[in-house]
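Chain by chain, the residues:
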Amino acid sequence: MNTGFGSNAADYGGRFLNPDGSPNIRISDIGMLEKISWYHTMLGLKNWKFLMLIISFFISINIFFAFVYYAMGVELLSGMVYHNNLEKFTESFFFSCQTFTTVGYGRINPVGFASSAVAALEALLGLLSFAIVTGLFYGRFARPKAFLKFSDIAVLAPYKNINALMLRVSPYKNTSLTDAEAKVTLGMSVEVNGKTENRFYPLDLEFKTVNALTLSWTIVHPITENSPLYNLTEDDYKKTQGEILIYLKAFDDMFANTVTIRKSYTFQEIIAGAKFVPMFQRSATNTKTILHLDKIGATVPAELNEKMTAD
């Protein structure tokens, strides 16, 4: 099975996926402008970082043009009112803001070819900049996203008369997800002929799909004799370098599109002898079902089946 990950463990550093599902990869031997898609980077920024970047750009470019107007001589800007150099620069800065945004209040206006040319160039840059920012805002707002939250840990819990690997996922916004499908892969370092290699095993699930994902979904891999996790002890999970890779996709009715999300758990993030507690209940009036997202990773101790924990 070709997973897209390397098989030589000596060439691989750390985990395969970061906790947020992004590949734990750094690309080298290529220029910065070639290896980064700035459009995808802007869409992927957190909201506060994106807003701070826009504000910082707006302030920085207007400070730059304010210095240009100040260096050219403010006598080339008619209508300025100032009493000292600080006020002179402040007037230049706010004139730059008015030009960049094409507001143009009219109190200050350029005089002569040089200042008019600079103002025209700044207005052009302003129009282009706002067109780009508008496109980014729309892209961020309209981009399909899987509003799903995974539990921070996975558990080894009793399941029927055996044990099972379990993890939990739940929607956290007012979206309608249908036809959800999960694929789980185990990546583990094993010794083959005296050499450590990365081996990948698809894990069978109790249910690979659910028709509607409106409440929590506990994804269960029964640890049968055919499972690569069969007969692994708690010490094995502590000593072995392994990682559970989850790929989940669902159809979002609101976006009319398929959304995807990835997640991974290292063996150190798997708790043996625990089970998840219920995270939803009926309301006091028996008219609603309440989903407690703060309990998505809540567990209680559970006794594992002995025949699956023996060496």
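Residue positions are given per chain, counted from 1 along the sequence in the order it is written. Note on the predicted model: pLDDT of at least 70 is required for a residue's local features to be given, and 80 or more for side-chain atom pairs to be given and counted; whole-chain, interface and lining totals, by contrast, use all residues. To obtain the side-chain values, all non-hydrogen atoms of the structure were used and water was disregarded.

(A) A look at the packing of aromatic side chains. Ring pairs shown here join Phe, Tyr and Trp side chains whose ring centres sit within 6.5 Å, with only the six-membered ring taken for Trp; geometry is labelled stacked below 30 degrees between planes, edge-to-face above 60, and tilted in between. Applying the stated criterion across every chain, the model contains eleven aromatic pairs. Put simply, the rings of Phe 57, Phe 58, Phe 100 and Phe 130 pair up and form one aromatic cluster. Above the plane of the ring of Phe 50 lies Arg 140, whose end atom (NZ or CZ) is 4.4 Å from the centre. Criterion for a charge above a ring: Arg CZ or Lys NZ at most 6 Å from the ring centre, at most 35 degrees from the ring normal. Geometry around Phe 147 places Lys 173 over its ring, the cationic atom sitting 5.4 Å from the centre.

(B) Seen up close, the pairing of strand β11 (residues 257–266). Here, any two strands with at least 2 DSSP bridges between them count as paired. Secondary structure elements follow DSSP: runs of H or I no shorter than four residues count as helices, runs of E no shorter than two count as strands, and numbering proceeds from the N terminus. Of the pairings in the sheet, the one linking strand β10 (residues 242–252) to β11 comprises ten bridges and is antiparallel in character. Across the sheet, residue Phe 251 finds its bridge partner in β11, namely Thr 258. Turn length for the β10-β11 hairpin, with the two strands adjacent in sequence and antiparallel, is four residues, and the turn residue Ala 256 shows positive phi of about 55°.

(C) Here's a closer look at the environment of Ala 274. Its place among the elements puts Ala 274 in strand β13 (residues 274–276). Residues Ala 274 and Thr 196, 78 residues apart in the sequence, show an inter-C-alpha distance of 31 Å. Excluding anything up to four places from it in sequence, Ala 274 contacts Val 155, Leu 156, Ala 157, Thr 299, Val 300, Pro 301 and Ala 302. Any two residues whose heavy atoms approach within 4.5 Å at even a single point are treated as in contact.

(D) Representation of the packing of helix α4 (residues 85–100) against helix α5 (residues 113–142) within the structure. Contact pair α4 / α5: the axes reach a minimum separation of 8 Å and the direction vectors enclose 55°. Looking at the two axes, α4 sits oblique to α5. Residues Ser 96, Thr 99 and Phe 100 of α4 form the contact with α5, whose own contacting residues are Ala 119, Glu 122, Ala 123, Leu 125, Gly 126, Leu 127, Ser 129 and Phe 130. Its residues assigned to classes, the contact of α4 with α5 shows six nonpolar, four polar and one charged. Axis definition: a line fitted to C-alpha atoms, limited for helices to the stretch in contact. Angles are taken between N-to-C directions and run from 0 to 180 degrees. Any angle between 65 and 115 degrees counts as roughly perpendicular, while under 35 counts as roughly parallel, over 145 as roughly antiparallel, and the rest as oblique. Only Asp, Glu, Lys and Arg are considered charged, only Ala, Val, Leu, Ile, Met, Phe, Trp, Tyr, Cys and Pro nonpolar, and every remaining residue, Gly among them, polar.

(E) Up close: the environment of Ala 212. Considering the arrangement of structural elements, one finds Ala 212 in strand β8 (residues 209–213). The residues contacting Ala 212, other than those within four sequence positions of it, are Leu 177 and Thr 178.

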